[in-house]
2 protein chains.
Amino acid sequence: MATATLVMIDRPTRGQIGGDGAPYRREDPLAPQLRVTDLAVTRGDGIFETAMVREGRILAEERHLRRLARSAAMLDLPEPDLEVYRDATRAAVAAFGAAAEGMAEGMVKYCLSRGDEELGTGPVGWAYAGPTPDFSAAREEGIAVVLLDRGLSTEVPETAPWLLAGVKTLAYAVNKAALREARRRGAQDVVFVSTDGLLLEGPTSTLIVRVGDALVTPRPQIGVLPGTTQEDVFAQAPAWGLRTEYRDVRESELLAADGAWLTSSTRLACPIRRVDGADLAVDVSLTSRMNALLTARTA
Amino acid sequence: MATATLVMIDRPTRGQIGGDGAPYRREDPLAPQLRVTDLAVTRGDGIFETAMVREGRILAEERHLRRLARSAAMLDLPEPDLEVYRDATRAAVAAFGAAAEGMAEGMVKYCLSRGDEELGTGPVGWAYAGPTPDFSAAREEGIAVVLLDRGLSTEVPETAPWLLAGVKTLAYAVNKAALREARRRGAQDVVFVSTDGLLLEGPTSTLIVRVGDALVTPRPQIGVLPGTTQEDVFAQAPAWGLRTEYRDVRESELLAADGAWLTSSTRLACPIRRVDGADLAVDVSLTSRMNALLTARTA
């Protein structure tokens with residue numbers, strides 16, 4: 001098994017004062033790095049990104065960095081220093097690549113914590129590079145999903161931004177609880193539904209639905225996270241003769257769709273083959289093209 | 001300044017296998033204890049309690065332990081070993097008391113994390129004892145609050161338990177964001193409101209409203225955390241000639257109340273003196289009695 005690598009980022013935000021040395025340092029990923037009073041631990045008060053790594057390169061690197069900055073702004077965190085994050089994540093990945101001979105794929109997860117609750121110290125970050133599970137079955141055979149109420153209306157990003165809808169925080173306990181509920185119901189994943197009946201996203205993925213010659217995904221404005229992988233798919237769609245649309249999608253449209261996928265950085269495009277026990281059309285050809293595209297990216 | 005103390009709990013849940021030694025160990029609270037892959041860090045996937053400490057004793061000790069077990073069950077965590085937690089928290093507090101000469105008050109915060117995401121290791125816990133800020137101004141002069149939409153209906157505990165309403169998880173990013181919004185609006189705290197117009201609780205406190213000779217608090221069944229401090233107040237209420245009621249409370253009733261408080265373990269009973277900029281009646285006499293009771297407890 002490939003050894004994971006870890007880079008701790010001591011000065012992750014812009015203008016942060018501190019030591020004279022490098023803003024980050026390589027550390028042992030098996031050793032403890034965070035105090036129990038870190039706000040990432042005590043409050044889930046931080047943000048993260050997970051990007052795929054192939055042949056030593058971080059895929060969709062700039063999309064992920066931009067989204068990290070977006071999440072920081074939405075959580076009132078200081079502005080992350082994206083140059084520091086770019087360097088630190090590349091350093092973690094380079095070390096991982098060197099450690100993992102013959103490893104074609106992996107992931108890098110990077111975080112920004114608000115700091116230490118008791119000590120009052122400023123933000124800290126880290127980048128962790130490691131192997132990914134084998135997702136080929138999910139990509140090829142598809143996944144069964146259940147629709148679960150997200151409890152929120154699509155207006156809350158506008159009316160109640162403190163609810164952090166569509167912000168990639170470390171406070172993912174609800175996302176994990178929803179995935180446990182899916183397993184209890186015999187499925188592998190979830191599509192969240194707003195109280196006003198709109199499909200939102202998966203707990204760790206973006207929903208894409210094919211309707212005729214259009215690929216459709218819910219608008220980020222209704223409280224979903226912009227999908228880096230979905231954006232890469234949409235960028236390629238015209239070459240496949242498909243239009244792209246950001247718009248509302250309801251359950252009835254999903255059930256009648258010509259195909260549907262949950263996309264995420266490391267699992268890539270997984271076709272949805274069942275929704276609440278009902279079979280869904282799987283677009284085998286387009287799934288193959290999506291995953292071929294996503295695995296052939298070099299940036 | 002008093003030195004905090006930390007006890008790491010290696011076997012926090014019942015029947016957990018592990019080493020032969022003690023199920024917990026004293027550690028340096030200033031030293032890192034958690035890996036960046038701990039689920040408490042990566043997902044806020046854990047639970048916690050914060051109890052007040054006075055003269056070396058943990059107040060409302062059993063209420064807190066029972067609530068920890070309740071949260072574990074609601075988050076599908078293994079059942080915490082409450083004997084281990086009782087011993088570990090007392091050990092942290094005893095060490096803190098010894099370190100903090102003349103310290104009358106403090107707190108102990110204890111947690112249970114689901115374990116390590118990458119290593120697949122089982123649950124870990126810890127107990128951190130430390131000083132508390134001086135809350136006397138908030139207790140005596142009262143606090144200004146704003147009402148903020150919690151985005152959820154009061155039916156979700158029944159219809160969508162995966163939303164974890166009323167579970168004391170480590171995923172408190174929304175609670176912290178709401179408190180930042182309160183400060184932006186010139187207030188110190190928040191009372192959350194359900195989408196169906198019922199008052200719920202504060203981000204880290206329980207709401208009590210006095211209506212004539214009754215103390216009223218929202219029912220836990222609508223998605224609020226049972227309040228350990230509120231329960232201690234309610235237990236004493238008959239001796240003050242007051243009835244107690246668990247029932248729905250609306251904004252109009254709060255604004256017309258004979259007094260209202262946010263109660264929590266370390267801040268105790270803070271009278272609400274303003275709601276969204278409107279003055280509220282402060283029941284100075286009952287506030288004093290509440291805080292005298294709460295500071296005189298020895299268990």
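Residues numbered from 1 in each chain as written. Chains lettered and ligands numbered in written order. Predicted model: local features only at pLDDT ≥ 70, side-chain atom pairs only at ≥ 80, totals over all residues. Heavy atoms only, no water.

I'd like a rundown of the nonpolar core, residues and numbers included.
Among the nonpolar cores identified, the biggest contains 94 residues, and A:Val108, A:Trp162, A:Val190, B:Val108, B:Trp162 and B:Val190 are the most heavily contacted of them. In contact with B:Val190, not counting residues within four places along its chain, are B:Val145, B:Val146, B:Leu148, B:Ala178, B:Leu179, B:Ala182, B:Glu201, B:Gly202, B:Pro203 and B:Leu262. A:Cys111, A:Tyr128, B:Val36 and B:Ala40 belong to the second largest nonpolar core, which has 28 residues in total. (Core = buried A, V, L, I, M, F, W, Y, C linked by side-chain atoms within 4.5 Å. Buried < 20%, exposed > 50% of the residue type's maximum accessible area, 1.4 Å probe, protein only. Contact = heavy atoms within 4.5 Å.)

Please provide a residue-by-residue account of the domain arrangement of chain A, values included.
Residues and elements named next belong to chain A. You can read the domains of chain A as domain 1 (5-131) and domain 2 (137-296). On a C-alpha basis, the centroid separation for the pair domain 1 and domain 2 is 26 Å. The partner domain 2 presents 24 residues to the 22 residues of domain 1 that form the contact. In total, domain 1 and domain 2 occlude about 1,800 Å² of area from one another, counting both sides; carbon and sulfur atoms represent 61% of this. Looking at the side of domain 1 facing domain 2, the largest losses of area belong to Phe48, Arg63 and Arg67, adding up to 34% of the total buried there. At the boundary of domain 1 with domain 2, the tally comes to three salt bridges. We note a salt bridge from Glu231 to Arg63, for which the minimum N-O separation is 3.2 Å. (Domains from an automatic or database assignment. Buried area = accessible area lost by both parts, 1.4 Å probe. Salt bridge = Lys/Arg side-chain N within 4 Å of Asp/Glu carboxyl O.)

So, the side chain of A:Thr229: which residues are in play, and what are the values?
All names here are of chain A. Here Thr229 lies in helix H7 (residues 228-236). At 3.3 Å, the side chain of Thr229 forms a polar contact with the backbone oxygen of Ser264. Other than its neighbours up to four places away in sequence, Thr229 contacts Thr263, Ser264, Ser265 and Leu294. (Helix = DSSP H or I, 4+ residues; strand = E, 2+ residues; numbered from the N terminus. Polar contact = N/O pair within 3.5 Å; in protein donor to acceptor, adjacent residues only side chain to side chain.)

Give me empty space enclosed by the protein: which residues, what numbers.
Residue and element names in this part refer to chain A. Enumeration according to the criterion identifies one cavity of 30 Å³ or more in this entry. Computed from the structure, the largest cavity encloses a volume of approximately 40 Å³. Lining of the largest cavity is provided by Thr206, Thr217, Pro218, Pro220, Val224, Leu225, Pro226, Gly227, Gln230 and Tyr246. Tallied by class, the residues present in the lining of the largest cavity amount to six nonpolar, four polar and no charged. (1 Å grid on protein atoms, 1.4 Å probe; cavity = no way out; pocket = protein on both sides within 12 Å on 5 of 7 lines; lining within 4 Å. Points joined across faces, edges and corners; volume = space filled by probe spheres on them. Nonpolar A, V, L, I, M, F, W, Y, C, P; charged D, E, K, R; others polar.)

Before we move on, could you go through the pattern of salt bridges and cite the residues and values that matter?
Under the counting rule described, the total for this entry stands at 54 salt bridges over all chains. Two residues, B:Arg184 and A:Asp76, come together in a salt bridge whose shortest N-O distance is 3.2 Å. Highlighted residues: B:Arg184 in helix H6 (residues 173-184) and A:Asp76 in the loop between helix H2 (61-74) and helix H3 (82-99), drawn from two different chains. With relative accessibility at 52%, the residue B:Arg184 sits in the exposed group. Residue classification places A:Asp76 among the partly exposed positions, given a relative accessible area of 33%. Connected through salt bridges with shared partners, the residues A:Asp76, B:Arg180, B:Glu181, B:Arg184 and B:Arg185 form a single ionic network.

Provide a residue-level description of the packing of aromatic side chains, including the pertinent values.
All told, the structure shown has six aromatic pairs over all chains when counted by the stated rule. Over the ring of B:Phe192 we find B:Arg150; its NZ or CZ atom is 5.6 Å from the centre of that ring. (Phe/Tyr/Trp six-rings, centres within 6.5 Å; stacked < 30°, edge-to-face > 60°. Lys NZ or Arg CZ within 6 Å of the ring centre and 35° of its normal.)

Please set out the relation of the copies chain A and chain B residue by residue, giving values where relevant.
Between the two copies, chain A and chain B, the superposition gives an RMSD of 0.0 Å; the rotation angle is 180° and the shift along the axis is 0.0 Å. Both copies are brought into coincidence by an operation consistent with a two-fold rotation axis. Proximity to the rotation axis, assessed at the C-alpha, singles out A:Ala171 in chain A; its C-alpha lies 2.1 Å from the axis. Here 100% of the interface residues in chain A have copies in chain B that are interface residues too; the copies meet face to matching face. (Least-squares fit on C-alpha atoms with pLDDT ≥ 70 in both.)

Describe the interface of chain A and chain B, naming the residues involved and giving the relevant values.
In this complex, chain A contributes 53 residues to the contact, which on the side of chain B involves 53 residues. Buried area between chain A and chain B, summed over both chains or domains, comes out near 4,400 Å², and the portion from carbon and sulfur atoms is 61%. Among the residues of chain A in contact with chain B, A:Val36, A:Arg43 and A:Trp162 are the three that bury the most area, contributing 19% of the side total. Between the two partners, chain A and chain B, sit six salt bridges. The partner of B:Asp76 in a salt bridge is A:Arg180, with the nearest N and O atoms 2.9 Å apart. If you look at where chain A meets chain B, you find 19 residue pairs in polar contact (both at pLDDT 80 or more). Those elements that place two or more of their residues in the side of chain A that touches chain B are strand E1 (5-9), helix H1 (39-43), strand E5 (105-113), strand E6 (124-130), strand E7 (143-149) and helix H6 (173-184) of chain A. Ranked by residues supplied to the side of chain A that touches chain B, first place goes to H6(A) with eight residues.

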